[in-house]
Every structure is written in structure tokens, then in C-alpha cells.
Amino acid sequence: MRRLVPETPLQAAIWVLVLVCVLAPVLPLVYASVQSKPIYAAGRVFTLAAYQQLFADPAFRTAAVNTLEFAAMTTACSVVLGASFAVLCSRTDVLGRRAYSVLLIAPIVLPPLGVILGWNSLYGPGGYAHDFITQTLHLPFNLASVPGMAVLGTAVAVPVVFLVCRATLSGIDSALENSARSVGASPLRVLGRVTVPMLRPALLNSGLLVFTLSIESLGIPLVLGSPQGHDLISSYLYNTWSSAFTPDPPVVSAGATLLLACACALLLLRSRLLGDQARFVSIGGRAAAAGQVQLGTFLRFILGGVLGLYLVATTIAPIAALALSSVVSELTPLIAPWHLLTLANWRTIGQGQFAHTIQNTVEIALVGGIATAMVAALATAIAHRSGFRMRRSLPFLLLFPRAIPGIIIGIGFFWTFLLVNPPGSSLRNSIWGIALALSIRSLTLAYFVMSAAFATVGEPLDNAARSAGANWWTTMTRVIFPILRPALFASFILLFISILNDYDPALFLVTPGHEIMGVTMLDAAQQGTNGPVAALAMVQVAITIVAIAACARLFASRISGHQHA
Amino acid sequence: MPDITVRSVSKTFGHERALNDISFSVRDKEFLTLLGPSGCGKTTTLMSIAGFQRPDQGMISCGDRTFFDRAGKVYLAAEDRNLGMVFQSYAIWPHLTVFGNVAFPLRIRRMKKGAIRRRVLETLELVEMAGYAERYPHELSGGQQQRVALARALVYAPAVLLLDEPFSNLDAKLRERARTWLKHLQTELGLTTLFVTHDQDEALSLSDRIVVMDSGSVLQVGTPEDIYHRPATRFVAEFLGGCNILAARAVTVATSGATELVLHANGKPITLSGVCLAAGEELQLAVRPEAVELTSHESAMGDNIFQAEVRSISFLGDHYLYELDIDGLALTVTDARSHAGPVVTVRIPPSACRVLPS
């Protein structure tokens, strides 16, 4: 057919780019796992020895059991807490519900490493809260144990569950609940018999998501459990990798491949289940004022207080502890902090290697954020608004990085950079290899934002441009992207924050002189230099808050400017 | 302006046949309407002409340019068809001013700045929106947005104007005004126009010719009078205005052309004229409610006079709507006068009965 899609070369180029980037970390990894030696070594043969060796290692089996325990506890606790909080905030008149709706989500954007370090300085051995819990309350609590790590895992996962459940709750047509009221059910009964059952798909969805995120989480075991011998699979792999006699052993690739298979299977299961369930979730979709359960003065205050305490204990206090330890020489319950006040930590990170690492990170986040936002926007446009032949494969490709655990992206790119040279070695010996890995890890995030944004722009808007004589490229760049400017900016900010605070893949890709903040912080924390690490974490927190504030401001002005639209 | 030819176009979505061998043409300077209920394929037809849907079969051309030809493997991209289109939602770009919206097609065509300005203002003048050039779409009312959409579709003097239910988002009063105004503009500029609607009033008042569609097929093509008075099928009769459908059987065929029939519902005789039927033939009669004559007196004389019981009367402003019952035959009738009383006399003029193919 003549001129079916005149823009095919450009669209094909973007498609190939996404395909290559998404598969690059995976294929060499799987290949490396079935070789007898690292793939740069001579005399390799195909073998499954790496897998046999892995299963024969008792340490791996312990780590696997620990991982399952950790993931199961984290999932159960976070689903119960997150769903309860969501019901409280969107269906009852609990005190401060509006503020909590925002505050409970906030931890999602906080630097994960900063949160872990804050928890460690507060609840870890020798922390203020640790002494209070074990000595005053006489509770046996060890943050470094598997259940202890699961407590932190829960705190990290609750916002995810909360977000999914709240979205579902606001999507439930209030007529469903009102009709139960009209036939005589009390508000509490409606909550129990109508609202909560409608949440079941959301619970399943967020539960599977949290479970997947838990089995691949690296920071928590690396900082907390591993030093005391409680490894999860991810930290086991990292330790094996970094302390192996022969470098880059195939056994790590084998473990990573297994982890990848698990994560993929879980996410596949999730989309399978949701494919069936999604139909009955999105009825009506009108966020009209839903009936509220009147809790009564007493319960209102009590439950409001519980929510407040939860926030203080899980988010505010750890961040405050982090902030405090950045301005004292040592944070300890034994000496009052004002005797130890110092600016030395901040002075330390203002120079030398620390300053360099900050600069590297911000550069990576800026360039990676802009590039990824552009690629994601174009790829989404091709996937949802073009006649390109392979467009239907793009959503899968863009969602795939979500299924790849961070350490696998790290190990995978390590092999890819070795195999594909050039540009492998120049990427490996600069910050741009890390930038590429972190960007691809965040690609899915940008796709979520952009596909939601595209859904709000009616197709007649681009058809109007086409019938006025504009081709695909002109339609996108002159009409659709300008309309989507706020979404493009939001996607950039999210990518910037995500890349800024990410570090899992970088642990395997870092070369001397090309460190990023997360890696530097982990190294320094393992050496016990807590002050500068806390200061670095506060820098991450500060940059994150500034970026979000910029984004929020832009949206506020947009909304007030278009309120007549 | 050239004419549009649609020949044997078919389109399938999955297992559903959206268009079934559609053929019609829009003549030069003609106002042609595609009329039908939602899901009848009229929008798919329009989108196929505009280039946003790709038919499976057939041929579409505009003047001497072929837009789509399955056999000759031709498919012209939407942007190369040079058609003006007004969308149901207007699709005014929210990030551009009225001027920016209307200027966009000219900028795509790389016209000079001064020429663009002149042409845009001219066109805005034409749609009576010259004073709103610097406004943003959200500052306009629905009727004004519609005019901007029209200006944007006309500004580059396209070959043909395509309108996709452009009035459906306007309130009743405004819709009537917009209709008159559009017809005036269309006649004055001599625009070849293809219009899609499910509103029979719009179709009847605006069109030179109407294409009635249902379930992906063309049922009838003709002038509004043709289609209203001589519907080809029961569907056409019922879709355009109210219509009574009476099942009957031909009994005797008189040489004078007057045919005697029996109504199935109540076994009463009814006489037709000017039709050619075989005795014993089963058929359906279409009778418009306003064609039936009502009187309160029982003294009426002539053919097809019945006594009817009044089931209900509704007052509709300029007329009354009667639900009548003639010994088991339900009949809807409109009349300007009010007839009190439980029984009225009804006359169905033989000329008002249209025989439908069974």
C-alpha cells in the first residue's frame, strides 16, 4: 500500500531503540548464567553447573527462605495497613483525612536509601527508639532480623497499597453504596458488605506488586540484615559478586536469572488476574462525594491519632533522625545531641569525592530524566497514536523494565557493556553507563504517566490536525505534546527523582571516579562514616522536595488557569 | 468543488460487519446527509472518507484523486486528502488561541505570515467570530467553539467539507439557529458537504439528498421529500418521523386501480389507489400520523372511515397526539385540533397509505 504510514523510519527507530534498551540487560545475563566461565574468558562451554552450584550452597537456600519470609510478612502487613488507611481516609470522617491522604503517599518519593539509613539510626542497635522499645517496653526487637527488616519493608510498601486502594475507592460509583443505604443498610454495614468487597481486586493487585518489589529489594538487607548474617537473595548475590575469588562468577548470573524469572512470573500472574478483575473495578468511575461513615467524636480522634503516630514513627522521625545525625558528630542516646553539634559532615560532603558524587548524580538524573521523558513520550505516542505496524508490542516493552529487578539490570548491563564494545567500554568508564541503566529502570514510570495523559486527550484532536494537513510528526510536536506539556514535565520530574534516588543497578556498574550518591552512601555506611552519609541523604531529600514543589506549583497554576475549561 | 464517490466499500471490525458494500456519491456543491441510528455505520463511512478508518474493500475517490482503492492498492494518508472536517467534539486545540487554531492548517501549508493573517481574519469574519481571535477555546461557548471548528475546516479552501454531528453538543434553540446559518453559508460558498447525523429534523431541513443507513447498509438515497413520503422500507418509514405500520392482505384488485385490502389487526377493509397488487398478497402499509384525518362528527363519508376509541391525548404545543384504537388496531394520529370525547371518526385517505415491500 502506498504511504500507509509515511513516518515509518522515525517510528521504527524509536521502536528499535526501546527494544534494544529493554532487552540489553536481559539476554547477556541469561547467556552468562549457562556458561562455565565469565563470558570474556576463553575456553567457555555451555553448562548448567552454575545453577547446580547455586542450589548446593546452603547460604543461598537460607537466603531464599529468608526472602520468602520477608516478602510474605511485608505483603501481609502492608496490605492490611494500606487498605485500612485507604478506607479510613476516603470513606470515614477520621480526623485529618485530607492531610493524611497526601502524607501517607509522600514516602513513595523519598530517597529509599535515606529512609533505610534513617530507620537504622533510630531503630537500629544503639538508636534512640531501639533503646526505648527494648529497654522501656521490653519488646524483643531487632531491625536486622528478617521480621525486623519486614517492619521497614512494610513501612516502605504501605504507600503503594494505599495509593492503589484509594484510587479504586474513588473509582467506585457512589451510587453502588448509596443504593445499599437506600435499602436500609447502615453506613458501617455498607462499608463491610459493599465497599470492602469491591476492594478485593485492588488488594490482590497491590499485594502481588508489593510481593514482587519485596523479593528484589536490595537496600534493606544490604544495610540492615547482611552485616548480621541475615541475607536475602539480592544481598546474597551482591555479596557473592563483590567478594568472589574469581571475579564475575556465572553463579551470580544464574541467581539473577532465577530472580528475574520469579519477578516476571509474578507480574504476569498479576496482569492475568487483573485482566479479569479490571472489568468489575471500573464501573461508573465517577468520583462523586461518596457517603461517609460517621465515626463519632471519640473514634475520630483515636483513629486520627493512630494515623498520626504511624506517620511519625515510620516517616517523620526517621527523616528527623537523619537530619539530626547530619549535624552531629555522633547520634547516640548516651550524650545529648546539642553537645555534639557540628558542621563537619556538611563540610566533608562539600568537597572531594563526595561533592563529585553529588555532581555525577545530578548530571545523570537531569540528562537521563530529559532523555527518558522524550523517548517515553515518543514511544507512547507511537503505541497509542500511530498506525505503526509494531505499535502493539510497545506497551509490553515499556512495561517490561518494571519486571526486571534493579540488581539484574546492573549485572545485565555489566555483561552487555563487556560484550558490545564499542560503545560498551566508554559507557562503562563514564557515568553514562549508569545513566543508561537507571533510565531504563525508570522507563515504565514515564510510560504510566504518559499513557494516562494520552488517554485524556481525545483522538479527534489529532485527527483534526491530520485532516488539516499535518503529518504524524507535526501533529505530535505541534498539537499533542504542547497540550500534554504538564504531563511531560511531571514525567520528567518523576524520572529525575527516581534516577536521583536509585542505586541498585549502579552497584554493579560503578567504576572508580564515576560513583553516584547511593553507591557512595552504601560504601561509606559500611565503613561506619554515618555523619557524611546522613548529610548526603539529606541532600537527596532536599533535591527531591524542591523538584516536587516545582512540579506541584506548576500544576496549581495550570489548574487555576484552566478552571473554566 | 469536486464530487466524492464511494463505491462498494466494506469494513469489518473483528466479526462485526460495520460497512456492507456501501455505494453513493456526493455531487458538486451538494449537501448530502448520512442519516441513521447510532451504530449504523455512518461515522465509519465518514471516517473512511476522511482517512481515519481504512476500509477492507471498495474504492473512494474525490474528483480525479483516488483516496482509497483496494484493487489498485492506493491509500492516501488523511493529511494528504485536503478535506475540511468538523468533529462532533469540535476538537479545538486547547493550547492555541482561536487565531492559532484557524491558522494552523495554513502554517502547515507554509503560507506567508501576512497572507495567513489576512486569510484567518477573513474566515473568522465569515463565521462571525472576528472579535474572538485572541481568545482561548475554554473562554468560548459551545456555539462559538463550533464556529471556530468550522472556520478551521474552511480556511484552506478544502475540496469537500465533512461534518460529524456538529450540532449534537448544542442546546435545542442554538441548534436551530446554527442549522439555518450553516445552510446559508453552504449555499453561498457552494460547498460540497457531507454531513453525518442521527437527527431526522437536521437531515430533512439541511440536505439536498439523504442517504439512510442501518446496520452497515444503505437503505435508501433520495431527496428529503422522497424519503419522507416514499420510504423504501419499514425501517426508513419508522426512522423518519412517526409512522403507523399496518399489516394487511390484498383481497380484490379492481380495474380502476382501487385495491381492496383487509387489515390483519381487526379484519376491517381498507382501500388503496394507484398500486398494483396481486390478490392474496401480504403487505405492510405505512401511514404517517399527520396524514390521518380526525373529526368528532360521525357524519364523514367516503372510503376508509372508522370509529376509533381515544386511548390517550397528549398536548404537544402546536398539535395534539392521539393514541387511538380501532377495534384492536392501535393507531397514532396527530391533529392540530382538540377532539374531546371517547370516540372519534377517523379517515385514512387512500393516498396516504404507502405500500412497503414485505
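This is a predicted model, so every value here is computed, not measured. Residue numbering note: each chain is counted from 1, following its sequence as written. Whichever chain is written first is A, and whichever ligand is written first is 1; the rest continue in order. Local features in this predicted model are restricted to residues whose pLDDT is 70 or higher, and side-chain atom pairs enter the listing and the counts only when it is 80 or higher, whereas totals over whole chains, interfaces and linings include all residues.

With that out of the way, let us pick up the overall build of chain B. Across its full length, chain B carries eight helices and 21 strands. In this scheme every C-beta is placed from the backbone, and a residue whose C-beta has 20 or more other C-beta atoms within 10 Å is buried, one with 12 or fewer is exposed, and one in between is partly exposed. Here chain B, with 358 residues, has 38% of them falling under the buried criterion. Within chain B, contacts between residues at least 6 apart in sequence are counted, and of these 64% link residues at least 24 apart. Helix and strand labels come from DSSP, where a helix needs a run of H or I of at least four residues and a strand needs a run of E of at least two; each type is numbered from the N terminus. Distance between backbone-placed C-beta atoms decides contact: two residues are in contact if it is within 7 Å.

Within chain A, the regular secondary structure consists of 27 helices and zero strands. Relative to its length of 565 residues, chain A is compact, with a C-alpha radius of gyration of 25 Å against a globular reference of 24 Å. Here the C-alpha coordinates of chain A stretch approximately 75 × 65 × 45 Å along the principal axes. Relative to its 565 residues, chain A shows a buried fraction of 47%. In chain A, once contacts between residues fewer than 6 apart in sequence are set aside, the share between residues at least 24 apart is 78%. The globule rule used here is 2.2 Å times the number of residues to the 0.38 power, and the radius of gyration it is set against is calculated over C-alpha atoms.

Moving on to the interface of chain B and chain A. For an interface, size is often stated in terms of accessible area lost upon the parts coming together. Counting residues at the interface gives 24 residues for chain B, matched by 23 residues for chain A. In terms of residues, the side of chain B that touches chain A owes the most to one element, helix H2 (residues 98-108) of chain B, which gives three residues. Of the residues in the side of chain B that touches chain A, the class split is 16 nonpolar, three polar and five charged. Residue type decides the class: Asp, Glu, Lys and Arg count as charged, Ala, Val, Leu, Ile, Met, Phe, Trp, Tyr, Cys and Pro as nonpolar, and the leftover types, Gly among them, as polar.

What follows is about the nonpolar core. Of all hydrophobic cores here, the largest spans 254 residues; its most connected members are A:Val161, A:Ala379, A:Ile434, A:Ala506, A:Ala537 and B:Leu162. Residue contributions to this core peak at 14 residues, all from helix H8 (residues 146-171) of chain A. Filtering out sequence-adjacent residues up to four positions away, A:Ala537 remains in contact with A:Pro111, A:Leu113, A:Gly114, A:Leu117, A:Leu322 and A:Met521. Here, a nonpolar core means buried Ala, Val, Leu, Ile, Met, Phe, Trp, Tyr and Cys residues linked by C-beta atoms lying within 7 Å of one another.

Residues and elements named next belong to chain B. Counting buried positions over the nine residues of helix H1 (residues 42-50) gives nine, a clear majority of the element. When H1 is considered as a whole, its buried residues turn out to be Lys-42, Thr-43, Thr-44, Thr-45, Leu-46, Met-47, Ser-48, Ile-49 and Ala-50. Directly beyond the C-terminal end of H1, a positive phi value near 100° is found at Gly-51.

For the rest of this paragraph, the subject is the environment of B:Cys62. Residues and elements named next belong to chain B. Summarising the element assignment, Cys-62 is placed in strand E4 (residues 57-62). Note: C-alpha distance between Cys-62 and Leu-124 (62 residues apart in sequence) is 27 Å. Apart from residues lying up to four places away in sequence, Cys-62 is in contact with Pro-2, Ile-4, Phe-67, Ala-159 and Val-160.

On to the sheet that holds strand E7 (residues 84-86) of chain B. Consider a sheet: its strands pair through backbone hydrogen bonds, and that pairing is either parallel or antiparallel. Residue and element names in this part refer to chain B. Any two strands between which DSSP finds at least two bridges are classified as paired. The six strands lie next to each other as E7-E8-E9-E3-E10-E11, forming an open sheet whose pairing is mixed. The sheet terminates laterally at E7 and strand E11 (217-222), the two strands that pair on one side only. This sheet shows a mean twist of 15° between the axes of neighbouring strands, independent of strand direction. Where E7 lies against strand E8 (residues 161-164), three bridges are found, and the strand directions are parallel. Note that in E8 the partner of Gly-84 across the bridge is Leu-161. Axis definition: a line fitted to C-alpha atoms, limited for helices to the stretch in contact. Angles are taken between N-to-C directions and run from 0 to 180 degrees.

On to the confidence of the model for chain B. Do not read the fine detail of predicted coordinates wherever pLDDT is low. For every residue, the predictor states its confidence as a pLDDT score lying anywhere from 0 to 100. Taken as a whole, chain B shows an average pLDDT of 89; of its residues, 98% reach a score of 70 or greater. For this predicted complex, the interface score ipTM comes out at 0.76, alongside a pTM of 0.80.

Residues and elements named next belong to chain B. Examined at the domain level, chain B breaks down into domain 1 (4-239) and domain 2 (244-356). Here the C-alpha centroids of domain 1 and domain 2 sit 40 Å apart. Counting from both sides, the interface comprises six residues of domain 1 and, opposite them, five residues of domain 2. Looking at side-chain class alone, the side of domain 1 that touches domain 2 contains two nonpolar, one polar and three charged residues. Per the annotation, domain bounds derive from an automatic or database assignment of domains.

The relative placement of two packed helices is expressed as an angle between their axes plus a distance between the axes. Residues and elements named next belong to chain A. Closest axis-to-axis distance for the helix H4 (residues 58-91)/helix H11 (residues 200-215) pair is 9 Å, and the angle between their directions is 145°. Once H4 is placed against H11, the crossing between them reads as right-handed. Together, Thr-67, Phe-70, Ala-71, Thr-74, Thr-75, Ser-78, Val-79, Gly-82 and Ala-83 of H4 and Leu-203, Ser-206, Gly-207, Val-210, Phe-211, Ser-214 and Ile-215 of H11 make up the contact between the two elements. Among the residues forming the contact of H4 with H11, the class breakdown is eight nonpolar, eight polar and no charged. Each crossing gets its hand from how the near helix is turned against the far one by less than a right angle, where anticlockwise is left-handed and clockwise is right-handed.

Turning to the sheet that holds strand E16 (residues 293-295) of chain B, a few remarks are in order. Residues and elements named next belong to chain B. Taken in spatial order, the five strands of this open sheet run E16-E20-E17-E18-E19, and their pairing is antiparallel. A strand with exactly one partner marks an edge of an open sheet, and here the two such strands are E16 and strand E19 (329-335). Recorded for the sheet is a direction-independent mean angle of 40° between the axes of neighbouring strands. Alignment of strand E18 (residues 320-326) against E19, held across seven bridges, turns out to be antiparallel. When the sheet's bridge partners are listed, Tyr-322 is paired in E19 with Val-333.

By the bridge criterion, seven bridges tie strand E1 (residues 4-13) of chain B to strand E2 (residues 16-26) of chain B in an arrangement that is antiparallel. Within E2(B), the residue paired with B:Val9 across the bridge is B:Ile22.

Glancing now at the pairing of E4(B). Along any regular strand, the residues point their side chains to alternate faces of the sheet. All names here are of chain B. Looking at chain direction, E1 and E4 are connected through five bridges and run antiparallel. Counted as the bridge partner of Thr-5 is Ser-61 from E4. Pairing between E4 and strand E5 (residues 65-69): four bridges, direction antiparallel. Following the sheet pairing, Met-59 is matched in E5 by Asp-69.

Peptide bonds are trans in most cases, and residues, glycine excluded, mostly fall at negative phi. If you check the backbone angles, A:His138 has positive phi at about 55° while not being a glycine. Judged by C-beta crowding, with 7 C-beta atoms within 10 Å, A:His138 ranks as exposed. Positive phi, normally seen in glycine, also occurs at B:Ser215, with a value near 45°. For B:Ser215, the position within the fold is in the loop between strand E10 (209-214) and E11.

The next subject is the environment of A:Leu232. Residues and elements named next belong to chain A. The residue Leu-232 is located in the loop between helix H12 (219-225) and helix H13 (233-243) in this model. A tally of 31 C-beta atoms within 10 Å means that Leu-232 is categorised as buried. Separated by 166 residues in the primary sequence, Leu-232 and Asn-66 have C-alpha atoms spaced 5.7 Å apart. What Leu-232 contacts, discounting residues up to four positions off in sequence, is Ala-63, Asn-66, Thr-67, Phe-70, Pro-221 and Gly-225.

Here the focus is the environment of A:Leu522. Residue and element names in this part refer to chain A. Here Leu-522 shows up in helix H26 (residues 517-526). Judged by the 22 C-beta atoms lying within 10 Å of it, Leu-522 is buried. For the pair Leu-522 and Thr-348, spaced 174 residues apart in sequence, the C-alpha separation works out to 16 Å. In contact with Leu-522, other than residues within four places in its own chain, are Leu-222 and Tyr-503.

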